[in-house]
Amino acid sequence: MFKWIAAIGGFYLFRYPGAIFGFLIGSFIDNMADSGGGSRGPRTVFSDMTRQKVSPADFELNLLSLCSIVIKADGKVSQSEMDYVRQYFVQTYGKERSNAIFRTFNEVNKKREISAQRICVFLNQRTRYEVRLQLLHFLFGIAQADGSVSTSEVNKIEEISRYLKVAFRDFESIKAMFVKSADTAYKILEIERTATDDQIKKAYRNMAKKYHPDRVNTENEAIKKGAEEKFKEVQKAYETIQKERGI
């Protein structure tokens, strides 16, 4: 298959980033050949490939693409948000690998427009629901990096959450961790302020089980860290309600 030939050639010329870029271009050519020029059009690496498991390189590039969409959501490119993404990638993958990911992303981004819906279709077929929840948590973290989460950023992340087929209550729970209100702790636990103490305890057990880091079955370190952060927010929300009610 041409993608492997291109990946080997890219590695020989430009080492790791060349291998990734060669693989992407080779996949594009292979998919064009598979499409046969029919009415469905060419398939790219972001198209429907239900029988293939997402590779770390594919996941990282798709994650970076969603980061780019959120950064641009309010019509301006915030340096603090860009720094947040770069720092996160460097801490997670190391400087050399992160630079390779960013270079590959920049090359691919020049050749096509980023489609949130297409990326989410790709991820839906290859990631568990728990992983997609942590993706939203990470995207809200980017939006908050400049000090506040704007309405346009919330709307864009909500749009992405719909594409990722995330339940609205789960979206509202994650949103409450970044957009504070008087009922923040209750929203995080997905309950009403009128809930009984027993209902609150049950909600906490359910949320702690849902967002426990062990349930995020992924090799991606960035998403694992996001799971740990979200789990801590659930614990903090429960502790806040406990103090408020004297439970």
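All values derive from a computational prediction rather than experimental measurement.

**Structural notes on the overall build of the protein**
Next up, step 1: Summing up its helical and strand segments, the protein has eleven helices and zero strands in all.
Next up, step 2: Counting from the amino terminus, the protein carries its helices and strands in the arrangement α-α-α-α-α-α-α-α-α-α-α.
Next up, step 3: In the protein, which comprises 247 residues, the proportion classed as buried is 47%.
Next up, step 4: Nonlocal contacts in the protein, meaning residues at least 24 apart in sequence, comprise 69% of its contacts between residues at least 6 apart.
Next up, step 5: Looking at the protein as shown, the accessible area adds up to about 13200 Å², and 52% of this sits on carbon and sulfur atoms.

**Description of the pattern of salt bridges**
Next up, step 1: Using the criterion set out here, one finds nine salt bridges in the structure.
Next up, step 2: Salt-bridge contacts for Arg97 lead to Glu60; the nearest nitrogen and oxygen are separated by 2.3 Å. In this pair, Arg97 is assigned in helix H4 (residues 95-111) and Glu60 in helix H2 (residues 56-71), connecting sequence segments 37 residues apart.
Next up, step 3: Looking at Arg97, the relative accessible area reads 30%, which means it is partly exposed.

Basis of the calculations
Residues numbered from 1 in each chain as written. Predicted model: local features only at pLDDT ≥ 70, side-chain atom pairs only at ≥ 80, totals over all residues. Heavy atoms only, no water. Helix = DSSP H or I, 4+ residues; strand = E, 2+ residues; numbered from the N terminus. Buried < 20%, exposed > 50% of the residue type's maximum accessible area, 1.4 Å probe, protein only. Contact = heavy atoms within 4.5 Å. Areas by Shrake-Rupley, 256 points an atom, 1.4 Å probe, with all protein chains shown as cover. Salt bridge = Lys/Arg side-chain N within 4 Å of Asp/Glu carboxyl O.

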